[in-house]
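# Structure assessment
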Amino acid sequence: MALYEHVFLSRQDISNQQVDQLVETFRGILETNGGKVVKVENWGLKTLTYRIKKNRKAYYTLLNIDAPSTAVDELERLMRFNEDVLRYMTIRVEAHEEGPSAMMQKRDDRPRRGGDRDRGDRGDRGDRGDRGPRRDRDDDRPRRPRDNDSE
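All of the points below concern the structure found in this document. Predicted, not measured: the structure shown is a model, and the values here were computed from it.

### Things to note about the pattern of salt bridges
- Considering all chains together, one arrives at five salt bridges under this definition.
- Between D13 and R11 there is a salt bridge, with its nearest N and O atoms 3.3 Å apart.
- Overall, R11 belongs to the partly exposed group, its relative accessible area being 24%.
- Linking K39 and E41 is a salt bridge whose minimum nitrogen-to-oxygen distance equals 3.3 Å.
- Connected through salt bridges with shared partners, the residues R11, D13 and D84 form a single ionic network.

### Here's the deal with the packing of aromatic side chains
- Counting across every chain of the model gives two aromatic pairs.
- Ring geometry for F8 and F26: centres 5.3 Å apart, planes at 90°, overall edge-to-face. Here F8 is found in strand 1 (residues 2-11), whereas its partner F26 is found in helix 1 (residues 16-32), with 18 residues between them in sequence.
- Note on F26: relative accessible area 2%, which makes it buried.

Each value, and the rule that gives it
Residues numbered from 1 in each chain as written. Predicted model: local features only at pLDDT ≥ 70, side-chain atom pairs only at ≥ 80, totals over all residues. Heavy atoms only, no water. Salt bridge = Lys/Arg side-chain N within 4 Å of Asp/Glu carboxyl O. Buried < 20%, exposed > 50% of the residue type's maximum accessible area, 1.4 Å probe, protein only. Phe/Tyr/Trp six-rings, centres within 6.5 Å; stacked < 30°, edge-to-face > 60°. Helix = DSSP H or I, 4+ residues; strand = E, 2+ residues; numbered from the N terminus.

If you want it as structure tokens, here you go:
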């Protein structure tokens, strides 16, 4: 069987218990079609970047699934008809992540982008040629034309 990560967004006006009921419903659908849910992570109520079906917030839930593709197709088909589900996305993976996902880790625990390197001294920026020193932004004097601007 294939491994999948499945994330779905549910409406903001349902309760946590209703989200749990949705998860159990989807778990039942997968199990009747020969699959199983390995892990469930409730990421909680989060603000959306843009409105989806007039909702500004949504409950995010991650399901790690071990199931055949027919079970996942049936799950997605039934999610399309469910009014409480705003969006969903299923990705096939080689292996499930051990431990909590990146969304569940505290910011201090996550590795920083670019590593721990310090930008340090940027060094000399090089010769500006015949252009002279940089002007201040509020300097209203007209700029001196360059040699190649006269064409």
